[in-house]
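Coordinates in review
These are the residues of each chain, in order.
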Amino acid sequence: MKQLEIAVIPGDGIGKEVVPAALDVLRTIAEVHGGLQFTFVEFPWSCDYYMEHGKMMPDDGLQILQGFAAIFLGAVGNPKLVPDHISLWGLLLKIRREFEQVINIRPAKFFRGLQSPLANPNDFDFIVVRENSEGEYSEIGGRIHRGDDEIAIQNAVFTRKGTERAMRYAFELAKKRKRHVTSATKSNGIFHTMPFWDEVFAQVKQDYPEVQTDSYHIDALAAFFVTKPHLFDVVVASNLFGDILTDLGGAIMGSIGIAPAANINLNGKYPSMFEPVHGSAPDIYGKGIANPIGQIWTAKLMLDHFGEDELGSVLLKTIEDVTADGIKTPDIGGKATTREVTDEICRRLRQLA
Ligand SMILES: NC(=O)C1=CN([C@@H]2O[C@H](COP(=O)(O)OP(=O)(O)OC[C@H]3O[C@@H](n4cnc5c(N)ncnc54)[C@H](O)[C@@H]3O)[C@@H](O)[C@H]2O)C=CC1
Ligand SMILES: CC(=O)C(=O)O
Ligand SMILES: [K+]
Ligand SMILES: [Mn+2]
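Residues numbered from 1 in each chain as written. Chains lettered and ligands numbered in written order. Predicted model: local features only at pLDDT ≥ 70, side-chain atom pairs only at ≥ 80, totals over all residues. Heavy atoms only, no water.

**Details of the packing of helix H11 (residues 309-324) against helix H12 (residues 338-350)**
- Orientation of H11 relative to H12, taken along the N-to-C sense of each, is 125°, at an axis distance of 10 Å. On the basis of their axis angle, the class for H11 and H12 is oblique. Crossing of H11 over H12 shows right-handed handedness. Where H11 approaches H12, its residues Val 314, Leu 315, Thr 318, Ile 319, Asp 321 and Val 322 are matched on the opposing element by Val 341, Glu 344, Ile 345, Arg 348 and Leu 349.
- Residue classes in the contact of H11 with H12 are distributed as 7 nonpolar, 1 polar and 3 charged. (Axes fitted to C-alpha atoms, helices over the stretch in contact; angles between N-to-C directions. Helix = DSSP H or I, 4+ residues; strand = E, 2+ residues; numbered from the N terminus. Parallel < 35°, antiparallel > 145°, perpendicular 65-115°, else oblique. Left-handed = near helix turned anticlockwise from the far one by under 90°. Contact = heavy atoms within 4.5 Å. Nonpolar A, V, L, I, M, F, W, Y, C, P; charged D, E, K, R; others polar.)

Following this line, the structure appears as structure tokens:
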């Protein structure tokens, strides 16, 4: 029996709705598999926790998480209670940084049963490899003065190691796919870091002669995601560019409520963390209509991570079947609730046992 202890952090807003849904799916998967057992240990760390304790997680929170096989997270943020930069840096970004989850993998593909808003979605299927440890997401900088003379400075940090690591990951991934890597740059406007990014890309690609490459400025690239998404296989991007591109990836599938993500620790020192692309969606929280597919597809990425790729593929196919049969939440044009979609996915999985 393969035993996996998973730390579960539903977080805020719809995280508290879609995480329980995905856990039901994972429990069902374990039943179907027969040789796999999950233990889920839940932590209430969130903006509500902050209101009570003055912090997003306890001081020994990272030590507590360290012993788990993986972390399964929903979303963080409730700007009515806690400013977003405080809540995210106190939990989500803290875990990504301290646990050296240096790569964020975010797939997007034409999804059966979904009406893509694109006129020509052309069966696109790509993965964005987002640098996840540095770049534009940084605490370096500061503010001085207030009022008319106020100054805010925010430094971006691009190391050769971090940049090269993300690019090599993208090339290795492309070797297993359609052998194409696109670099997201902006070396016409960002004077130092992006020319550096281009130089490193030009060097790294020398080691992968079998992989085709392209490089586009992020503005044009964003437009190509809409007009020619089938052009892309693996896209490597800095932290912020990858963040923005992957909401767009979700949107062209049909909803950001579908898009999955994995924060990968590459050195084996700490657990990886699995959380969907979307946030806590305060505008729909409490209505029971959040799309659970982003979180459930994220569970599939976690299964892949544990070497259960076959089961992962079965799960993704089941999600697509349910969607194709019209059992969908309102964000993708249906009338079903979070619970109804989840129950239907579980029901169909059980039929496989
Ligand atoms: N990784 C994380 O934990 C992230 C956290 N956030 C936080 O989430 C909060 C809300 O941020 P927003 O910018 O509004 O982004 P958001 O992703 O939470 O929501 C954007 C829009 O997409 C919709 N949406 C998102 N997920 C959905 C789902 N599963 N089903 C149906 N509709 C869905 C929402 O209803 C909203 O209209 C903020 O506190 C923000 O900082 C935002 C992005 C990522
Ligand atoms: C914070 C956020 O939007 C992200 O990391 O995707
Ligand atoms: K999330
Ligand atoms: Mn984001």
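**Focus: the site of ligand 2**
- The local shell around ligand 2 consists of Leu 88, Arg 96, Arg 106, Arg 130, Tyr 137 and Asp 243.
- With respect to ligand 2, the side chain of Arg 96 contributes an N or O atom lying 2.8 Å from an oxygen atom.
- At 3.1 Å, a side-chain N or O of Arg 130 approaches an oxygen atom of ligand 2.
- Classifying every residue of the shell around ligand 2 gives 2 nonpolar, no polar and 4 charged. (Near = heavy atom within 4 Å. Polar contact = N/O pair within 3.5 Å; in protein donor to acceptor, adjacent residues only side chain to side chain.)

**Structural notes on the domain arrangement of the chain**
- Segmentation of the chain into domains returns domain 1 (1-101 + 262-353) and domain 2 (116-253).
- Taken together, the 9 residues of domain 1 in the interface contact 13 residues of domain 2.
- In terms of surface lost to domain 2, no three residues of domain 1 exceed Trp 89, Arg 97 and Val 277, which account for 49% of the buried area on that side.
- Seen at the junction of domain 1 and domain 2, the total is 0 salt bridges.
- Applying the counting criterion to the domain 1 and domain 2 interface returns 4 residue pairs in polar contact (both at pLDDT 80 or more).
- In terms of residue count, helix H5 (residues 92-98) provides more of the side of domain 1 that touches domain 2 than any other element does, 3 residues in total.
- For the side of domain 1 that touches domain 2, the class distribution of residues is 5 nonpolar, 2 polar and 2 charged. (Domains from an automatic or database assignment. Buried area = accessible area lost by both parts, 1.4 Å probe. Salt bridge = Lys/Arg side-chain N within 4 Å of Asp/Glu carboxyl O.)

**Description of the coordination of the potassium ion (ligand 3)**
- Protein-derived coordination of the potassium ion (ligand 3) comes from Gly 74 (O), Glu 275 (OE), Pro 276 (O) and His 278 (O), at a distance range of 2.6 to 2.8 Å.
- Read from N- to C-terminus, the donor residues coordinating the potassium ion (ligand 3) fall into the pattern G-x200-E-P-x1-H. Of the two residues, Gly 74 is situated in strand S3 (residues 70-75) and Glu 275 in the loop between strand S12 (272-274) and helix H10 (293-305); the sequence distance between them amounts to 201 residues. When sorted by exposure, Gly 74 lands in the same class as Glu 275, which is buried. (Donors = N, O, S within 2.8 Å, 3.2 Å for Na, K, Ca; no water. Buried < 20%, exposed > 50% of the residue type's maximum accessible area, 1.4 Å probe, protein only.)

**Here we look at the nonpolar core**
- Formed by 82 residues in total, the largest nonpolar core has its most connected members in Ile 6 and Phe 72.
- Residues lining this core come from more than one domain, with at least three contributed by each of domain 1 (1-101 + 262-353) and domain 2 (116-253).
- Counting residues in hydrophobic clusters, the runner-up holds 22 residues, among them Cys 47, Met 57, Val 76 and Val 82. (Core = buried A, V, L, I, M, F, W, Y, C linked by side-chain atoms within 4.5 Å.)

**Some details on helix H7 (residues 193-205)**
- In a regular helix each residue adds 1.5 Å, so 13 residues correspond to 18 Å; H7 covers 18 Å between its end C-alpha atoms and thus fits that length.
- Those residues of H7 not exposed but buried are Thr 193, Met 194, Phe 196, Trp 197, Val 200, Phe 201 and Val 204. Seen along its axis, H7 keeps its buried residues to an arc of 150°; they face one direction.
- As for H7, its buried residues are in contact with helix H6 (160-175), strand S8 (180-185), strand S9 (212-217), strand S10 (234-237) and helix H9 (239-253). (Expected span 1.5 Å × (residues − 1). Arc of directions from axis to C-beta.)

**Regarding unusual backbone geometry**
- In the Ramachandran plot, Asn 122 falls in the positive-phi region, its phi being about 50° despite a non-glycine side chain.
- Considering the arrangement of structural elements, one finds Asn 122 in the loop between strand S4 (103-109) and strand S5 (125-131).
- Backbone geometry at Asp 123 places phi at a positive 55°, although glycine is not the residue there.

**Observations concerning the pairing of S3**
- Extensive coverage of S3 is indicated by the burial of 6 of its 6 residues.
- One ladder, built from 5 bridges, connects strand S1 (residues 2-11) with S3; its direction is parallel. Each bridged residue has a counterpart across the sheet, and for Ile 6 the counterpart in S3 is Ala 70.
- Across 3 bridges, the pairing between S3 and S12 is parallel. Residue pairing for S12: Ile 71 is matched across the bridge by Met 273. (Pairing = 2+ DSSP bridges.)

**Focus on the sheet that holds S4**
- With respect to topology, 10 strands assemble into an open sheet ordered S2-S1-S3-S12-S11-S4-S5-S10-S8-S9, the strand pairing being mixed. The outermost strands of the open sheet, each flanked by one partner alone, are strand S2 (36-42) and S9. With strand direction ignored, the average angle separating the axes of adjacent strands in the sheet is 25°.

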